[in-house]
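# Reading the structure
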Amino acid sequence: MSHKIMAINAGSSSLKFQLLAMPQGEMICQGLIERIGMANARVTMKTSAQKWQETAPIADHREAVTLLLDKLLSHHIINTLQDIDGVGHRVAHGGEFFKDSARVTDETLAQIERLAELAPLHNPVNVLGIHIFRQLLPSTPSVAVFDTAFHQTLDESAYIYPLPWRYYAELGIRRYGFHGTSHKYVSTALAERLGIQLSALRVICCHLGNGSSICAIKGGQSVNTSMGFTPQSGVMMGTRSGDIDPSILPWIAEREGKTPQQLNYLLNNESGLLGISGVSHDYRDVEQAADGGNRRAALALTLFAERIRATIGSYIMQMGGLDALIFTGGIGENSARARAAVCHNLHFLGLSIDEEKNLRNATFIQAENAVVKVAVINTNEELMIAQDVMRIALSDKVTFDVSA
Ligand code: ADP
């Protein structure tokens, strides 16, 4: 029997959704509502056969969800709201409390709200999305899926920062890591494709998109990851600096009289590929500029790869070796140049890629005699969310044929 599961990713002014048929994992309908709160909000929806787009005023998230459900009904994608068997919500921060996805209850919601301090821009709007769906679909079970949960297996030695202890003990300042849903999904998919148990593998996963993070996965568990207390740390990203000398910040603050908010903006919105190239945050634009002879754009691409290589190197040390390297995210899945730059000159590790396979984004791109597998795997966070809804909220409804 097939279930229809809705995966929701609510942002401050957007709502991304995907309705999937489970357990097959087939997309029934997906879309995006953007510019919520504005007169020219935009709704984009598509099925395998059709695509719709329209602009309409949408005052708030409640109107956005109501509109989404109305559209699903009017386009006969569902016949009644009860056709939706479960809803999964992406939630940015689960702190140290949530080590796995969790069924939504009043207590779960209260706990996520308490964690808002750690993710003030994301958790409140995630909670809002959960509330609205609970009100509009009161009898439909829902599950919260946390970006941080997969990394709760990190050892203290990987998550404690060398600050005075009370900042961890009293304020919860530690490495949490993000993109957990993606890292978990692609590492599981890798093991399936290799036909090897994930528990027997040492994997490094490079999720390279506008936000980028690297994750070391040993025996199926996250043992280190480059994002930290916030999604700002680690490798360089589209507009985020990643790791820098921390004392640069008080130095700039004093010199230019910047407030903490202004410093945050500088680090999150004006740095990374954009900051160095001065051209764009978008990897493709920076590639184009570099090819056109822009020196800073070329430097931005070099730095992008070098930061990733340094992280990979340290994770190989931590895991005592490497069996597979995965590339995912918009850049990881599509840019042969980025992958080649990251894997350059690593023959001494048994890691080298086949140029032709790399250029055509093949699933496995390692050279024939290479020891380390190098995989390009499209991430699918929505499918992972839907799988968690099935596992956590609907497992009692999965029927098994016991007659065989
Ligand atoms: P987000 O983190 O916002 O989900 P994505 O995973 O969609 O981001 O990745 C966006 C990035 O992927 C952009 O920098 C974009 O330039 C890059 N990208 C997408 N397609 C290509 C491509 N064909 N070649 C190089 N980079 C690409």
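Above this note sits the structure.
Quantities reported herein were computed from a predicted structural model and do not represent experimental measurements.

### Concerning the side chain of Ser-352
- Within the secondary structure layout, Ser-352 lies in the loop between helix H13 (336–343) and helix H14 (355–359).
- Judged by its relative accessible area of 12%, Ser-352 is buried.
- Excluding residues within four positions of it along the chain, Ser-352 makes contact with His-347, Ile-365, Gln-366, Ala-367 and Ala-370.

### Let's talk about the site of the ligand
- Looking at the ligand, the residues that line it are Gly-209, Asn-210, Gly-211, Asp-282, Tyr-283, Arg-284, Glu-287, Gly-329, Gly-330, Ile-331, Asn-334 and Ser-335.
- Within the contact set of the ligand, an oxygen atom lies 2.9 Å away from a side-chain nitrogen or oxygen of Asn-210.
- Measuring from an oxygen atom of the ligand, one finds a backbone N or O atom of Tyr-283 at 2.9 Å.
- Starting from 580 Å² of accessible surface for the ligand in isolation, the protein chains cover 68%.
- Per-element tally for the shell around the ligand: the top contributor is helix H12 (residues 329–334), with four residues.
- Partitioning the shell around the ligand into residue classes produces two nonpolar, seven polar and three charged.

### Considerations on the state of the cysteines
- Summed over all chains, the structure comprises zero disulfides.
- Here Cys-215 is not disulfide-linked; the sulfur of Cys-205 is the nearest cysteine sulfur, at 6.5 Å.
- Cysteine Cys-343 shares no disulfide, and the gap to the nearest cysteine sulfur, in Cys-206, comes to 7.8 Å.

### Some thoughts on the environment of Ser-157
- On the secondary structure map, Ser-157 appears in helix H4 (residues 156–159).
- Ser-157 sits in the exposed class, given a relative accessible area of 65%.
- Separated by 67 residues in the primary sequence, Ser-157 and Asn-224 place their C-alpha atoms 9.6 Å from one another.
- A polar contact is formed between the side chain of Ser-157 and the side chain of Asp-155, at a distance of 2.5 Å.

### Examining the nonpolar core
- One finds Ile-204, Ile-214, Ile-308, Ile-312 and Leu-325 to be the most contacted residues of the largest nonpolar core, which totals 37 residues.
- Those elements that place two or more of their residues in this core are strand S9 (202–208), strand S10 (212–218), helix H10 (283–291), helix H11 (295–319), strand S12 (324–328), H13 and strand S13 (373–376).
- Of the residues forming this core, the biggest block, ten residues, is contributed by H11.
- Excluding its chain neighbours within four sequence positions, the residues that come into contact with Ile-308 are Cys-206, Leu-208, Ile-214, Val-235 and Val-342.
- Residues Leu-201, Cys-215, Ile-326 and Ala-393 belong to the second largest nonpolar core, which totals 30 residues.

Cut-offs and rules
Residues numbered from 1 in each chain as written. Predicted model: local features only at pLDDT ≥ 70, side-chain atom pairs only at ≥ 80, totals over all residues. Heavy atoms only, no water. Helix = DSSP H or I, 4+ residues; strand = E, 2+ residues; numbered from the N terminus. Buried < 20%, exposed > 50% of the residue type's maximum accessible area, 1.4 Å probe, protein only. Contact = heavy atoms within 4.5 Å. Near = heavy atom within 4 Å. Polar contact = N/O pair within 3.5 Å; in protein donor to acceptor, adjacent residues only side chain to side chain. Areas by Shrake-Rupley, 256 points an atom, 1.4 Å probe, with all protein chains shown as cover. Nonpolar A, V, L, I, M, F, W, Y, C, P; charged D, E, K, R; others polar. Disulfide = S-S within 2.5 Å. Core = buried A, V, L, I, M, F, W, Y, C linked by side-chain atoms within 4.5 Å.

Remember that the coordinates give geometry; whether it matters functionally is a separate question.
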